[in-house]
Amino acid sequence: MKKDSQSASDKANMDSTLRKITKLEVPKSAFVLLVLLYILSWMSISNISKNSGSIMILGMNAPLSSFAGVFSSLGSALIILMVVLFGKLGFITSLLLLIFQYPFMVLSILVRHTVSTIPGVFSNTVTMLVIILIYSNNRKIRKYQERVRAQAVIDALTGLPNRFACTELMNELIKRGSKFAIVSIDLDNFKSINDTMGNRVGDEVLKEVAKRWKELAESGKAGTVDFIARLGGDEFSLIIRGYGSDDSIVNTIKVYEAVLKEKLTIDDCDYYLTASFGYAEFPTDNADEVTLFSSADAAMHEIKRQGKANHILHFYPELINKEKDLETERKIRAALENDTVYFNLQPQYDMNHKLRGFEALARMKDSENKIIPPDQFIPMAEKIGLVDQIDLSVFRKSATFFASVLKKTNADLTLSINISVKHLMKNNFLDEMKEAIDISGIPVKNLEVEITESIMIDSERALKCIEEIKKMGIKVAIDDFGTGYSSLSYLNKIPADLLKIDKSFIDEMNSSDSSRQYVASIIQIGHVLGLEVISEGVESPDQLDVLKGIGCDFIQGFIWGRPLDSEDAEKLMLTA
Ligand code: C2E
Ligand code: CA
Ligand code: CA
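Counting from 1, residues in each chain are numbered in the order their sequence is written. All chains are assigned letters beginning with A, and all ligands numbers beginning with 1, in the order in which they are written. Only residues with pLDDT of at least 70 get local features here, since the model is predicted, and only at 80 or more are side-chain atom pairs given and counted; chain-wide, interface and lining totals rely on the full set of residues. Just so you know, side-chain values use all the structure's heavy atoms and leave hydrogens and water out.

J.: What exactly am I supposed to notice about the site of ligand 1 here?
T.: Gln346, Ala362, Asp391, Glu539 and Phe558 are the nearest of the 23 residues found near ligand 1. Pairs of N or O atoms within 3.5 Å make up the polar contacts considered here, provided that, within protein, one atom can donate a hydrogen while the other can accept it, and that residues adjacent in sequence are counted only when both atoms are side-chain atoms. Within the backbone of Ala362, an N or O atom sits 2.9 Å from a nitrogen atom of ligand 1. Here, Shrake-Rupley sampling with a 1.4 Å probe gives the accessible areas, and only protein chains in the shown set may cover a residue. Expressed as a share of its isolated accessible area of 790 Å², the protein-covered part of ligand 1 is 82%. Where the shell around ligand 1 is concerned, the elements lending two or more residues are β9 (355–365), α11 (374–383), α12 (387–406) and β13 (475–481). One heavy atom within 4 Å of a molecule or strand makes the whole residue count as near it. The way it works is that DSSP assigns letters per residue, a run of H or I at least four long becomes a helix, a run of E at least two long becomes a strand, and they are numbered from the N terminus.

J.: Help me out: how do you make sense of the coordination of the calcium ion (ligand 2) in this one?
T.: Here the term donor refers to an N, O or S atom within 2.8 Å of the metal (or 3.2 Å for Na, K and Ca), and because water is left out of the atoms, sites may appear incomplete. Those donors, Glu359 (OE), Asn418 (OD1), Glu450 (OE) and Asp479 (OD), are the protein atoms that reach the calcium ion (ligand 2), and they lie 2.2 to 2.3 Å from it. The metal-metal distance between the calcium ion (ligand 2) and the calcium ion (ligand 3) is 4.0 Å, with Asp479 serving as a donor to both. With Asn418 in strand β11 (residues 414–419) and Asp479 in strand β13, this pair connects stretches of sequence that are 61 residues apart. Among the residues examined, Asp479 registers a relative accessible area of 5% and is labelled buried. Any residue under 20% of the maximum accessible area for its type is buried, any over 50% is exposed, and the rest in between are partly exposed; the area is computed with a 1.4 Å probe on protein chains only.

J.: Explain the sheet that holds strand β7 (residues 312–314) here, please?
T.: In a beta sheet, neighbouring strands are held together by backbone hydrogen bonds and run either parallel or antiparallel to one another. Think of it this way: DSSP has to see at least two bridges between two strands before they count as a pair. In space, the 5 strands of this open sheet follow the order β2-β3-β1-β6-β7, with mixed pairing throughout. At either end of the open sheet lies a strand with only one pairing partner, and these are β2 (225–232) and β7. On average, each strand axis in the sheet is tilted by 20° relative to the strand beside it, whichever way the strands run. Sheet analysis places strand β1 (residues 180–187) next to strand β6 (residues 275–282), joined by 8 bridges and oriented antiparallel. In the sheet register, Val183 faces β6, and the bridge partner there is Tyr279. With axes taken as lines fitted to C-alpha atoms, and helix axes fitted only over the stretch in contact, angles between N-to-C directions fall between 0 and 180 degrees.

J.: What exactly am I supposed to notice about the environment of Leu97 here?
T.: Summarising the element assignment, Leu97 is placed in helix α3 (residues 67–110). Separated by 18 residues in sequence, Leu97 and Ile79 have C-alpha atoms that sit 8.7 Å apart. Contacts were defined at the residue level, with two residues in contact if any of their heavy atoms lie within 4.5 Å. Excluding residues within four positions of it along the chain, Leu97 makes contact with Tyr38, Ile79 and Met82.

J.: Hey, could you run me through the nonpolar core in this one?
T.: The nonpolar side chains of a soluble globular protein tend to be buried, and buried together. To qualify as a nonpolar core, a set must consist of buried Ala, Val, Leu, Ile, Met, Phe, Trp, Tyr and Cys residues joined through side-chain atoms within 4.5 Å. With 77 residues, the main nonpolar core has Ile332, Ile390, Leu415, Leu424 and Leu547 as its most contacted residues. A total of 10 residues in this core trace back to one element, the largest contributor, which is α12. Setting aside chain neighbours within four positions, we find Ile332 in contact with Met364, Phe377, Met380, Ala381, Leu386 and Ile390. Leu160, Ala210, Trp213 and Ile240 belong to the second largest nonpolar core, which has 34 residues in total.

J.: Where do I start with the packing of aromatic side chains in this structure?
T.: Each aromatic ring pair is characterised by the separation of its centres together with the angle its planes make. Planes of paired rings set the category: under 30 degrees apart is stacked, over 60 is edge-to-face and the rest tilted, where pairs are Phe, Tyr or Trp rings (Trp by its six-membered ring) whose centres lie within 6.5 Å. Applying the stated criterion to the full structure yields 9 aromatic pairs. Aromatic side chains Trp213 and Phe236 sit 5.1 Å apart centroid to centroid with 90° between the ring planes, which places their arrangement in the edge-to-face category. With Trp213 in helix α7 (residues 199–219) and Phe236 in strand β3 (residues 235–241), the pair connects residues that are 23 residues apart, well separated along the chain. Neither residue differs from the other here; Trp213 and Phe236 are each classed as buried. For the ring pair Phe358 and Phe402, a centre distance of 6.2 Å and an interplane angle of 80° mean the geometry is edge-to-face. On the criterion of sequence distance, the pair formed by Phe358 in strand β9 and Phe402 in helix α12 is long-range, its members being 44 residues apart. Since its relative accessible area comes to 0%, Phe402 is described here as buried. An aromatic cluster of three or more residues is present, and its members are Trp213, Phe236 and Tyr256.

In structure tokens:
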């Protein structure tokens, strides 16, 4: 019984919120105030007229210079205000107030023979005509406004509330601190209905689904107070209130799932639909409308991805990272598909500030032109097996650019390309390299590949590949040196040309004697093995001084050059 009354009040709350969205409401207290003011004016006038020995009526014959005149004009203004602000209610009240005055006026003329009241009758009648005109005109405008407002909150295809209405309702519930669950719903395989049967059939399916869910929400048969909205496409949203436990949320969702699953027939064709449902709760999961929506979405995407018999999932925090990863994955796929992966070139110098060459660094933007950091997309691309495509794209583009600028200058510069070990291990890696070199026209002696130390550990296959690269005449650099665990004997086996000391050691270098000695010994070992050494991430003059002192050969770092776009890199190459 108690639950019933709670449900009823929940439902009333939802209804009143929706009404508020669709209607422009002036507070009722303002209406009472206007009526009171009017009665007060009327009483004041009656007083004045009693004192002056004649009956006067509001909105009529007193000259404005007198007090009675002021009150009478005020009365007319209040009457008009009531009609303008309160529509039907204001109009009927005003009309009654005006009609109410006629007996007094007739009494005044017939019994007391006050001739001065006759213009009052006339004035009262004119006021009545004026408010009838205002009211009928206002009604048309109001109707139009309501229709426009309704269109803003109603989805045109299905007649369900739209995303805006859903957001408004959520905000209202959050403001009140009322507990609710937001369910993100996406029909499964709806695209295939659209693709195979056409958009008209797709629309009919959406309309039928909306009709079933709307009826269910309005009937309250699911045992909770529900609000269903269409967000667009085949995405719907359900707000559930008046539930006791997590189980009752799931039970309600199951009822919606069951009515969806019932056979749906359009143009004699039967459809059996399913959907994925993800939900999040206020206030336990999230406290604001935007994160509630995205949490419910994350749960929905996850359960859809799992593709299991169960189609309902409650949000849990780890999903957010998963969702971000998927987002990055989508962006990588899109960038590769649209061929928008591009490169920057970071200069490398010898210790006398003479340009040695550049490292090509992959860059990627999303569809909104926001830069995605390589620390984010490279590991993801490795995970999903797309890093070779990124490497190759950067290789082709930067090598083509580099070859064309090399032709314009006599300088002997090196282009360093990052190659992921996963890429290196691919069977056709060498063929791809050769093809890219041919197409770009870059001389092999100007080319270097950077391979990360950490993943080369004892891989015979990688070693063979590196030997092949060397045979082609390309230089080999061991990247991020010091971060892996390769033994000296293995390092000795790699036919490399250059050691790149990782930035983390350069960062630490000036913090203690031992750190500096560590970098110094790497440089010595490199030299013993016949390799040149470059330090990465050099930022300060102190670091530069120390590196000069301990015999480093090259540096790459913000102190002398950040990664440049091709235009700036070209300028630098032409002045080298
Ligand atoms: P990395 O190969 O070690 O590249 C050097 C990174 O250090 C670059 O970051 C560069 O901008 C940054 N750096 C250079 N000097 C300084 C400095 O003085 N201070 C600071 N704070 N940073 C400096 P970026 O471009 O963000 O690249 C990050 C990583 O992404 C690279 O590290 C590399 O592992 C990977 N990467 C970039 N492009 C490619 C590519 O085309 N293919 C592959 N497989 N990996 C790439
Ligand atoms: Ca590198
Ligand atoms: Ca590096």
